[in-house]
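# What the coordinates show
Each chain is listed here by its residues.
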Amino acid sequence: DKITTRMGAIITKRRKRLLVLVGAIFGLYYYTSENFERRNAAAPVHHQQHGRGGENHHQLRGGNFAHFFGRSNSNLSFREKQLTHLLGVENEWQPGFSFVGTGNAEERGRFLNMSKDDGDGTYDGIGIGLGGETNAGAHNPAHENSDKTFGVKSIGVFHVFRKPPWGGGNQFLMALVKEFRRRKIKVVENAIVPGVKIYMANAVTFKVDPFREAFLKSGKKLKLVHRLDGPYYSARYNKDPRKEANLPYRAREDDRVYWINNEFACASIFQSKWSYDMNKMLGYDPKGYLQIVNNAVDDTIFHNRGRQPFSRLRKTKIMASSWSSGERKGFKTFKWLDDNLDFTKYEFFFSGNVPDGMVFKNIKTLPPVTSEKLAPMLREHDIFLAASYLEPCSNALVEALASGMPTVYQSGSGHAELVKAGGRSYRRPEEIPAMLDEVVLRFEEYQNNIRVTTVSEAADGYLQVYAACLS
């Protein structure tokens, strides 16, 4: 009897726990369900402005349970549901997506219609107001280094410089700071010091609070030039604004960029017009003076002097490089070429990081190397392949062009602004062999059309912006 009584008590206890659990699940579902949402539709909704020209954020559609299983988010993939989960004021600085309104259809249409579109939705960011001009005969043109300072005596740069090999932004800023110092401009790194009134920062990659404190103490007299690219929406999440800007989410990183931009920026510098247009398509509105300055390279390292002469009597040497092994860098294209390119006509060499588990049969690979080792490799090869997509301003491509390499590139990003008439574009990997044959046939012509922004020209562009902010 004692055993029976004890077992009965245990069973009763478990039933109570089960009922409590079922009730909790039902309550959670009801609280986060669409019915609850509709019941509270008339309640005030908290909106926040995030520097998108007045566009408002909308409440998350559904709570935790309904977010994943309710009908309101059925159009999102599971990955998108993960990225958009639990959005709110308490964690909107974290990576991921935030929901926004669909925006102004007229404005978005205006940007979409600016595209030089051949029917596949691609847009290279050139041709608008440029009249399709080329730069024939401008390959490695003679130019004089500028010593102008435009009245700028000192600047601060918020960037943790890394010893190469590292990412393209790091490489460009190293070259830019080197050029500033050559012009006897004082450059302070990652510090706010007396006497320095203007600072430059990349997107969100700096500590905002110390700058805000100094900014307020100065009576808002400190100036910030905001260097922008992206958007993160594309660079981190592989989303294409031309196709998906009407979907109701944005990258939180981009939100944070424009919170910073609208609070502090006296000027915004984009690395390409493509990047600017993609940000505008998403509804973002950069503040202050606006300048577009392509990245440049250290031309004491990357140049075409002493490069191997081109010959059609040997195999044509193709090269690609990338610090990142991310999906956007074109590894699916490389894999297709590894299986389909005619390697009796071509050699293919890749320098950089390769995704884990990816092995090539015909393409030769080498891990990332320093700029000093990479530069002579580029001069020993003939044609560069820029297979990355959703790319604002590829430093790897600038390095190749500066080394005298005509380029075959993936259309639909900032590549076209850099290559101009110095190569051919493709939309699908299947088009690459024909493009390579075309470049081989007219190699000298394409090489002579190469024109890159020099680091001296880039420094002039940046210093003019600094001077405008200080005036």
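This write-up is about the structure you can find in this document. The shown structure was predicted, so the numbers you read here are calculated from the model rather than taken from an experiment.

This part covers the overall build of the protein chain. Along the backbone of the protein chain there are 18 helices and 14 strands. Contacts in the protein chain between residues far apart in sequence, at least 24 positions, make up 72% of those at least 6 positions apart. Of the roughly 23,200 Å² that the protein chain leaves accessible, carbon and sulfur atoms contribute 54%.

Before going further, it helps to examine the pairing of strand E10 (residues 346–352). The buried count for E10 comes to six of seven residues, which makes it a mostly enclosed element. As defined by bridge partners, strand E9 (residues 316–322) adjoins E10 across seven bridges and the pair is classed as parallel. Each bridged residue has a counterpart across the sheet, and for Ala320 the counterpart in E10 is Phe350. Of the strand pairs in this sheet, E10 and strand E11 (residues 364–366) are connected by three bridges, and their pairing is parallel. Across the sheet, Ser351 pairs through a bridge with Leu366, a residue of E11.

Following both chains from N to C, one finds helix H6 (residues 168–182) and helix H18 (residues 455–470) inclined at 75°, their axes separated by 10 Å at the closest point. Judged on the interaxial angle alone, H18 and H6 are roughly perpendicular. Contact with H6, carried on its side by Phe172, Ala175, Leu176, Glu179 and Phe180, involves Val455, Ser456, Ala458, Ala459, Tyr462, Leu463 and Tyr466 of H18 and no other residues of that element. Classifying every residue of the contact of H6 with H18 by side-chain character gives ten nonpolar, one polar and one charged.

Our next topic: a nonpolar patch on the surface. Where nonpolar side chains cluster on the molecular surface, the patch consists of Leu18, Leu21 and Val22 and spans about 280 Å² of accessible area. Here Leu18 shows up in helix H1 (residues 2–32).

Ordered in space as E3-E2-E4-E5-E7-E8, the six strands form an open sheet in which the pairing is parallel. What marks the edges here is a single partner per strand, and that holds for strand E3 (186–189) and strand E8 (289–292). Between one strand and the next, the sheet's axes are offset by a mean angle of 25°, whatever the strand orientation. In this structure, strand E2 (residues 154–158) lies alongside strand E4 (residues 198–202), joined through three bridges in parallel fashion. Bridging across to E4, Gly156 finds its partner in Tyr199. Each of E2, E3, E4 and strand E5 (223–228) is contacted by H6, which is oriented at about 140° to E3, the strand it contacts most.

Ranked by size, the top nonpolar core spans 29 residues in total, and within it Phe206, Phe211 and Leu224 carry the most contacts. Elements supplying a minimum of two residues to this core: E4, helix H7 (208–217), E5, helix H8 (232–235) and helix H10 (252–264). When residues no more than four places from it in sequence are discounted, the contact partners of Leu224 are Phe158, Tyr199, Met200, Ala201, Phe206, Phe211, Ile260, Phe264, Ala265, Cys266 and Ala267. Ile185, Val187, Ala267 and Ala296 belong to the second-largest nonpolar core, a separate cluster that totals 27 residues.

So, on to the pairing of strand E13 (residues 407–410). Neither face of E13 is left uncovered, since the one carrying Thr407 and Tyr409 and the one carrying Val408 and Gln410 both have all their residues buried. One ladder, built from three bridges, connects strand E12 (residues 383–386) with E13; its direction is parallel. Each residue of the ladder has a partner; that of Ala386, found in E13, is Tyr409.

A few words now on the packing of aromatic side chains. Inspection of the entire model under this criterion finds 18 aromatic pairs. The interplanar angle of 70° and the centroid separation of 5.5 Å between the aromatic rings of Phe331 and Phe350 together place this pair among those described as edge-to-face. One end of the pair, Phe331, is in helix H12 (residues 331–340); the other, Phe350, is in strand E10, with 19 residues separating them in the sequence. For the pair shown, Phe331 and Phe350 are each scored as buried. Look at Phe334 and Phe350: their rings are 5.5 Å apart centre to centre, the planes differ by 55°, and that puts the pair in the tilted class. Placement of Phe334 in helix H12 and of Phe350 in strand E10 is noted, with a sequence separation of 16 residues between them. Assigned by exposure class, Phe334 and Phe350 land together as buried. Ring pairing ties together the aromatic residues Phe158, Tyr199, Phe206, Phe211, Phe215 and Phe264, which thus form one cluster. Above the plane of the ring of Tyr233 lies Arg250, whose end atom (NZ or CZ) is 5.9 Å from the centre.

What counts as what
Residues numbered from 1 in each chain as written. Predicted model: local features only at pLDDT ≥ 70, side-chain atom pairs only at ≥ 80, totals over all residues. Heavy atoms only, no water. Helix = DSSP H or I, 4+ residues; strand = E, 2+ residues; numbered from the N terminus. Contact = heavy atoms within 4.5 Å. Areas by Shrake-Rupley, 256 points an atom, 1.4 Å probe, with all protein chains shown as cover. Buried < 20%, exposed > 50% of the residue type's maximum accessible area, 1.4 Å probe, protein only. Pairing = 2+ DSSP bridges. Axes fitted to C-alpha atoms, helices over the stretch in contact; angles between N-to-C directions. Parallel < 35°, antiparallel > 145°, perpendicular 65-115°, else oblique. Nonpolar A, V, L, I, M, F, W, Y, C, P; charged D, E, K, R; others polar. Patch = residues over 30% accessible without salt bridge, like charges linked within 9 Å, V, L, I, M, F, W, Y side chains within 5 Å. Salt bridge = Lys/Arg side-chain N within 4 Å of Asp/Glu carboxyl O. Core = buried A, V, L, I, M, F, W, Y, C linked by side-chain atoms within 4.5 Å. Phe/Tyr/Trp six-rings, centres within 6.5 Å; stacked < 30°, edge-to-face > 60°. Lys NZ or Arg CZ within 6 Å of the ring centre and 35° of its normal.

What is shown is where atoms sit, not what they do.
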